[in-house]
Amino acid sequence: METRNIMIVGVGGQGTLLTSRILGGLMLNAGYDVKLSEVHGMAQRGGSVVTFVRYGEKVAEPIVEEGQADVLIAFERLEALRYAHFLKPDGVLIVNDQRIDPMPVVIGAADYPEHILETLSERCRVVSVDAMAAAKALGNVRAFNTIVLGVAARHMDFPPEAWLAVIERTVPPKTVELNRNAFLTGYRGENEGASL
């Protein structure tokens with residue numbers, strides 16, 4: 001099997017690191033060599049955070065090169081736009097349809113781009129999900145990242161039972177049921193926008 005590349009992007013506090021640990025555990029359980037790498041733009045909440053997950057028979061480097069990501073998981077629209085050039089031509093971009101203004105926008109030094117999902121859909125295959133609305137329906141907005149992961153799981157070669165087993169071992173014990181329901185919500189396509 002050739003090496004597969006997954007990229008997770010978001011802002012601090014959105015759970016990108018937890019998501020990469022779930023992915024890494026899933027792939028290790030399946031017997032693959034796995035390399036993880038994390039890049040933090042700013043350590044505090046609100047800064048850009050990128051994690052790379054590479055897996056295959058033998059993986060030499062932890063970093064995903066531009067144009068090589070099979071799946072790009074974005075927890076926020078602007079982060080999707082910022083890193084879309086990492087996606088392969090036949091890759092899929094999973095986007096949580098949420099806006100979080102970066103500091104330049106907050107202080108008025110820059111404008112938040114309009115029509116991000118439409119712009120991205122002109123260049124790549126985009127699957128959008130309103131994960132915040134789905135997480136609110138489950139009773140905890142912090143579960144939105146597991147919903148997005150459930151959507152992404154449909155575009156990878158692992159059965160839902162394997163995902164759920166790793167989620168159960170990785171998330172805090174008191175949140176297992178919530179995260180299980182969140183993953184299944186995403187996996188079933190609830191609150192998912194049309195593929196653009």
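Further up the page is the structure itself.
Caption draft 1: Summary view of the overall build of the protein chain. When helices and strands are tallied, the protein chain shows eight helices and seven strands. The C-alpha radius of gyration of the protein chain comes to 16 Å, within 12% of the 16 Å expected for a compact globule of 196 residues. Taken along its principal axes, the extent of the C-alpha atoms in the protein chain is 50 × 40 × 35 Å. Here the protein chain holds 196 residues, and 51% of them are scored as buried.

Caption draft 2: Main features of a nonpolar patch on the surface. The grouping of Met103, Val106 and Ile107 at the surface amounts to a nonpolar patch, some 330 Å² of accessible area in total. The residue methionine 103 is located in helix H3 (residues 103–106) in this model. Residue classification places methionine 103 among the exposed residues on the basis of a relative accessible area of 51%.

Caption draft 3: Seen up close, the pairing of strand E5 (residues 87–96). Burial analysis of E5 places eight of its 10 residues in the buried class, the great majority of the element. Note: strand E4 (residues 69–74) against E5, five bridges, orientation parallel. Bridge pairing in E5 links leucine 72 to leucine 93. Between E4 and its parallel partner E5, the chain crosses via helix H2 (residues 77–83), and the hand of that crossover is right-handed. Pairing between E5 and strand E6 (residues 125–129): five bridges, direction parallel. Each residue of the ladder has a partner; that of valine 95, found in E6, is serine 128.

Caption draft 4: Seen up close, the environment of valine 11. By secondary structure assignment, the location of valine 11 is in strand E1 (residues 4–11). We classify valine 11 as buried; its relative accessible area is 7%. Taking the C-alpha atoms as reference points, valine 11 and glutamate 79, separated by 68 residues in sequence, lie 7.7 Å from one another.

Caption draft 5: How the structure looks around the pattern of salt bridges. What the rule picks out here adds up to eight salt bridges. Where arginine 4 meets aspartate 70, a salt bridge forms, and the shortest distance between an N and an O atom there is 3.4 Å. Linking arginine 4 in strand E1 with aspartate 70 in strand E4, this pair joins segments that are 66 residues apart in sequence. A salt bridge links lysine 58 to aspartate 33, with the shortest nitrogen-to-oxygen separation between them at 4.0 Å. Taken together, the residues span a long stretch of sequence, with lysine 58 in the loop between strand E3 (48–56) and E4 and aspartate 33 in strand E2 (residues 33–40) at a distance of 25 residues. The exposure class of lysine 58 is exposed, given its relative accessible area of 65%. One connected set of salt bridges, linked through shared partners, spans Glu2, Arg4, Asp70 and Lys88.

Calculation notes
Residues numbered from 1 in each chain as written. Predicted model: local features only at pLDDT ≥ 70, side-chain atom pairs only at ≥ 80, totals over all residues. Heavy atoms only, no water. Helix = DSSP H or I, 4+ residues; strand = E, 2+ residues; numbered from the N terminus. Rg over C-alpha atoms; globule rule 2.2 N^0.38 Å. Buried < 20%, exposed > 50% of the residue type's maximum accessible area, 1.4 Å probe, protein only. Patch = residues over 30% accessible without salt bridge, like charges linked within 9 Å, V, L, I, M, F, W, Y side chains within 5 Å. Areas by Shrake-Rupley, 256 points an atom, 1.4 Å probe, with all protein chains shown as cover. Salt bridge = Lys/Arg side-chain N within 4 Å of Asp/Glu carboxyl O. Pairing = 2+ DSSP bridges. Right-handed = clockwise from strand over helix to strand, strands pointing away.

So, to be careful, I would describe these as geometric facts and stop short of saying anything about function.
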